[in-house]
Amino acid sequence: MSSLIVLGFAVLLSSLLLLTWRQSRAFGVLENLDHVERKVALAEAEQTELRRTIRRLSSRTRISEVAQLRLDMRMPEASEIVLINGGLP
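Definitions and limits used
Residues numbered from 1 in each chain as written. Predicted model: local features only at pLDDT ≥ 70, side-chain atom pairs only at ≥ 80, totals over all residues. Heavy atoms only, no water. Helix = DSSP H or I, 4+ residues; strand = E, 2+ residues; numbered from the N terminus. Rg over C-alpha atoms; globule rule 2.2 N^0.38 Å. Buried < 20%, exposed > 50% of the residue type's maximum accessible area, 1.4 Å probe, protein only. Areas by Shrake-Rupley, 256 points an atom, 1.4 Å probe, with all protein chains shown as cover. Expected span 1.5 Å × (residues − 1). Patch = residues over 30% accessible without salt bridge, like charges linked within 9 Å, V, L, I, M, F, W, Y side chains within 5 Å. Salt bridge = Lys/Arg side-chain N within 4 Å of Asp/Glu carboxyl O.

I would appreciate a short explanation of the overall build of the protein chain in the present structure.
The number of helices and strands found in the protein chain is two helices and zero strands. At 35 Å, the protein chain has a C-alpha radius of gyration far larger than the 12 Å of a compact globule built from 89 residues. Judged by the C-alpha coordinates and their principal axes, the protein chain covers about 115 × 35 × 15 Å. A total of 89 residues make up the protein chain; the buried ones form 1% of that total. If you sum the accessible surface of the protein chain, you get close to 8,800 Å²; carbon and sulfur atoms cover 65% of it.

How do you make sense of helix α2 (residues 60–71) when you look at a structure like this?
Given 3.6 residues to a turn, an α-helix orients residues that are three or four positions apart in the same direction. If you check α2, its first and last C-alpha atoms are 15 Å apart, about what 12 residues at 1.5 Å a residue would give, namely 16 Å. Downstream of α2 by a residue or two, D72 has a phi angle that is positive, lying close to 55 degrees.

Any chance you could explain the environment of V36 here in plain terms?
Mapped onto the fold, V36 is located in helix α1 (residues 2–57). By relative accessible area, which is 44% here, V36 ends up partly exposed. Considered as a pair, V36 and D72 are 36 residues apart in the sequence and their alpha carbons are 48 Å apart.

It is not clear to me how a nonpolar patch on the surface should be interpreted in this structure. Could you clarify?
A cluster of nonpolar side chains, F9, L12, L13, L16, L17 and L19, forms an exposed patch at the surface whose accessible area comes to about 580 Å². As for its placement among the helices and strands, L16 is situated in helix α1. Residue L16 is classed as partly exposed on the basis of its relative accessible area of 45%.

Geometric values such as these leave the question of function open.
See below:
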């Protein structure tokens, strides 16, 4: 009778230890998942910001300003524009 009680207690203790191990492992996996999700969110935010920067830097207005300020270029007068046919009829 006492050996059955000891065996039952051992089984109960083993199942509690297994449950604790499984839950701690699950918490570790969830923590890892949370970390990865945060990294993905940061990367998506950075991607959005980079796309916004690319749109701003490649805008016609900005390119005209940079051409005028850095390269000393200007918009041509009508008399300075020459149209070239390029060999097409």
